[in-house]
Structures are given as C-alpha cells and as structure tokens.
Amino acid sequence: MRHVDVAVVGLGLAGAAAAWAVSRRGQSVAAFEAYAPAHRRGSSHGHARIFRRAYLDPLYVDLTGQAGRLWDRLSDEAGEPLLAHTGGVDHGPAREPARMADLLREHGVAAELVDSREAARRWPGIRFEGPAVYDPEGAVIDPETAMAAMVRLAATAGAHVAYDTPVRALDPDAGGVRIRTDAGTWHAQTVVVAAGAWTGPLLDGLVPLPPLTVTQQQVFLFSPVESGPWPTIVHGESADGLDMYALPEGPYVKVGEHVNGTVTTADTRDFTVDPAARDRAVAYVRSRLPGLDPVPRSELTCLYTSTPSEDFVLDRHGPLVVCSACSGHGAKFTPLLGELAADLVDGRPPIGRFAL
Ligand SMILES: Cc1cc2nc3c(=O)[nH]c(=O)nc-3n(C[C@H](O)[C@H](O)[C@H](O)COP(=O)(O)OP(=O)(O)OC[C@H]3O[C@@H](n4cnc5c(N)ncnc54)[C@H](O)[C@@H]3O)c2cc1C
C-alpha cells in the first residue's frame, strides 16, 4: 500500500485546483481521475465558462474578487492566459441591474449601469428591454486549458496523477482513509473528494451531505452575423422564469439555460439533447440575440450538481474533505476552490454557508 498526505478524487476543475493548491503547500499528493483528461461525462469539459463579478449576493461578489486574483496567479504560473477579458453584461428584471451595479461598486468593481438605448448601441447583437449592468471584469474561462495547467503544476510540485483510475471505495480508518483502485490501494491522512455529480454515491454512508440534485443541461453554439462585441451575458426575467446565459466560445456564441435541466444521475444520464430545450434556445436567439444566426451549429450536454440554496459544499467530515463546486456556477471560482479545500485539509474552518 502506498501512503500520501492527501489524496484527491476527481480531476475536474475543482479537483485539479485542489491538487494544485495542496501540492503547492508542500504536502505529498496522489490524485485519481476515473476517465481521461477533458472527458465529457462530468461538468468541466469544453473551452468556455463565464467569469463574472456580477452576483446579487455579497458573499459571492467577494469570493469572485478573491478568485479573480488567483486566476491571475494561475495564468502567471502556467505561463499562458486562461481568461479572455470580454466584459460581462447582466440584464432583465431578475438581475436587478440598479441594485447589482450598486453592490458591485461597493465591492470596488467599476460596474456601469447602462440604459437600454446605450446598451443597444454598445452591444448591437443583443436586444435589451431595460437597463443592463456592465461588469468590466467579466471574462471567458478556458476550463480544459486550466485543468491541464493545474494538473501539470501539481505534478511538477510532486503530485502523483492517475487518469483512467476510478476510486472504487473510500474506507476511513484510524490514521486516515484507504483508497481502493483497480491498480492498488493507497492510504492518505486526508482525502479531498471533488467527484462532481458522483459525490453523492461515493460518499453515501460516509458523509452527511445536503440534498444534491444532478441534472443534465445542454448548450448550443450559434454563429454570429453581427461581429460584436460579444460580452458574457446573463439574462434573467423573473425568479421562476427565463434564466439564460451566453458567451463567446471560439468563433461561436454559446447559449444555455440555467434552469430546466433533466434530473438524472452521473451514471444513468443519456447524453441526449432535450429537443424542447433546443426549441427554447432557438426561440431565445430569435427574439433576444438578433446578432446570431438562429440555427445551432453544435450542441452538447453537461451535468449540474445542485444544492437547494445553489451554494457550494466545501467542508470537512473527519478525514474527508468535500469539495463540490455545485449548482452550475462553480467554474469561475476554480483556483479559490483549491485554496479553500487546502485550508480544510490544514484544519481551518469552512465558510459558514458552505458547511455540511
Ligand atoms: C452547461 C454548463 C455550463 C456552465 N457554465 C458555467 C459558467 O459559465 N460559469 C461558471 O462559473 N460555472 C459554470 N458551470 C459550472 C461549472 O462548470 C462546474 O461548477 C464545474 O465544472 C464543476 O467541476 P467539478 O470538478 O466539481 O465536477 P466535474 O468536472 O464533474 O469533475 C468531477 C470529476 O470527478 C471524477 N470522478 C467521479 N467519481 C470518481 C471516482 N470514484 N474516482 C475517480 N474520479 C472520479 C469524474 O470523472 C470527474 O472528472 C457550468 C456547468 C455546466 C454543466
């Protein structure tokens, strides 16, 4: 049996960040990923996620600031840009543009409240029916490049990295946890579980988790007919109504719905795009994104793992640290998730709202 200080289960964005942060702090690390790098069965594949400061919740505005500084550090250490600085636009009544602009400014973000006429002039590809908030720190993250960079930096710091190596069981014992894989058993004092949609089944009976709902979501890529500029976009009409996002991905603009996913599990989901979701995305593009050709060029499914509050789960239960970037908005916090997981490994307390 091989021994390490810390094992990491899962090398999506959260696990890759944890492996990087923990190994940087000088602990010996072994990281296990069930599938190949950049596989498409989880939540972190592809080349575009939104980074934004624009939240209506002060906790997340603060955390996005910390995450932004860590993204810069990660890009520096990786020697490559991981964020494309497009700026971000939030609009629609559910985004409460006036309140959001005030909150962002209170947190030092140079946010602008823009009326609909000025917004239409600046972003002709978008149809506005009211004011918008411009978040100059909005950006597009490249998750696959970021995961590769964090794993590379962790390996350079000495981490053992094993892809195509599912962890079959975690068995806590007096000194830590036994980690069973088909390639042998390891022992670690602490295990960071960053297993995304597999977190519930893997920790069943070991950790009292909040309810976690796994949904299959879909995104659609559309070609611009209007050259832009294309910022990241979050558009919410009402608390229980239209809740859309869009962002540039390569030559396309990716459009998705934050809601209306199909409840499933990580192992039984079918990878089939919901035709009703495609119809809604096309209708949305026709009515609200006139700068796009409303024929999807490509489409893809992806998993959300959501808590009822949409908060994350980042806490420790004995030797097991749960690092779950839940609810469809975790990518932007990636390097911070790693730091918070490493803090839990070091015995620091969780952020109250992320506690088990
Ligand atoms: C369509 C879509 C759009 C999104 N857009 C945004 C956005 O714009 N901005 C934003 O901030 N966030 C966004 N998110 C959310 C963000 O992508 C996720 O929060 C993030 O990717 C979660 O990463 P993770 O590491 O927790 O999960 P995952 O990426 O799923 O990683 C978990 C990993 O654990 C592995 N694993 C599981 N069980 C085991 C085991 N037993 N042994 C070994 N390995 C195991 C899995 O194979 C997987 O690779 C989006 C998500 C989706 C689906």
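Residues numbered from 1 in each chain as written. Predicted model: local features only at pLDDT ≥ 70, side-chain atom pairs only at ≥ 80, totals over all residues. Heavy atoms only, no water.

Draft legend 1. How the structure looks around the nonpolar core. By size, the foremost hydrophobic cluster in this structure holds 81 residues, and its most contacted members are Trp71, Leu170, Ile179, Val191 and Val192. Considering each element in turn, this core owes the most residues, nine residues, to helix 1 (residues 13–24). Taken domain by domain, this core gets at least three of its residues from each of domain 1 (2–45 + 144–210 + 309–354) and domain 2 (49–141 + 213–306). Residues within four places of tryptophan 71 in sequence aside, it is in contact with Phe51, Leu82, Leu83, Ile141, Ala146, Ala331, Lys332, Thr334 and Pro335. The next biggest cluster of nonpolar side chains, apart from the first, holds 24 residues, and it includes Phe128, Ile233, Ala246 and Ala281. (Core = buried A, V, L, I, M, F, W, Y, C linked by side-chain atoms within 4.5 Å. Buried < 20%, exposed > 50% of the residue type's maximum accessible area, 1.4 Å probe, protein only. Helix = DSSP H or I, 4+ residues; strand = E, 2+ residues; numbered from the N terminus. Domains from an automatic or database assignment. Contact = heavy atoms within 4.5 Å.)

Draft legend 2. Layout of unusual backbone geometry. Residue proline 229 is reached from glycine 228 by a cis peptide bond, and omega for that bond is 10 degrees. Structurally, proline 229 is set in the loop between strand 13 (213–222) and strand 14 (232–236). A positive phi is found at alanine 38, a non-glycine position, where the angle reads about 60 degrees. Tracing the backbone through its elements, the reader meets alanine 38 in the loop between strand 2 (29–32) and strand 3 (49–51). Overall, alanine 38 belongs to the partly exposed group, its relative accessible area being 34%. Of note in the backbone geometry, serine 327 takes a positive phi value of approximately 70 degrees without being a glycine.

Draft legend 3. Structural view of the site of the ligand. Of all residues adjacent to the ligand, which total 33 residues, the nearest are Glu33, His39, Ser44, Ile50 and Cys302. A distance of 3.3 Å is found between an oxygen atom of the ligand and a backbone nitrogen or oxygen belonging to leucine 13. Contact between the ligand and isoleucine 50: an oxygen atom at 2.7 Å from a main-chain N or O atom of the residue. Computed on the free molecule, the ligand has an accessible area of 1000 Å², of which 95% lies beneath the protein chains in the complex. At the level of elements, helix 1, strand 3 and strand 18 (298–306) are the ones that each hand at least two residues to the shell around the ligand. Among the elements that make up the shell around the ligand, the one with the highest residue count is strand 18 (three residues). Considering only residue class, the shell around the ligand consists of 19 nonpolar, 11 polar and three charged. (Near = heavy atom within 4 Å. Polar contact = N/O pair within 3.5 Å; in protein donor to acceptor, adjacent residues only side chain to side chain. Areas by Shrake-Rupley, 256 points an atom, 1.4 Å probe, with all protein chains shown as cover. Nonpolar A, V, L, I, M, F, W, Y, C, P; charged D, E, K, R; others polar.)

Draft legend 4. Quick peek at the pairing of strand 20 (residues 320–324). With five of five residues buried, strand 20 lies mostly within the body of the structure. Side chains Leu320, Val322 and Ser324 project from strand 20 onto one buried face, and the interleaved Val321 and Cys323 project onto a second face that is buried too. Alignment of strand 12 (residues 184–193) against strand 20, held across three bridges, turns out to be parallel. Across the sheet, the residue bridging to valine 192 is valine 321, located in strand 20. In the sheet, strand 19 (residues 313–317) pairs with strand 20 via five bridges, with the strands oriented antiparallel. When the bridges of strand 20 are listed, histidine 317 appears paired with leucine 320. (Pairing = 2+ DSSP bridges.)

Draft legend 5. Structural detail: the side chain of aspartate 311. By secondary structure assignment, the location of aspartate 311 is in the loop between strand 18 and strand 19. A polar side-chain atom of aspartate 311 sits 2.5 Å from a polar atom in the side chain of tyrosine 60. Aside from chain neighbours lying at most four places away, what touches aspartate 311 is Tyr60, Cys326, Ser327, Arg353 and Phe354.

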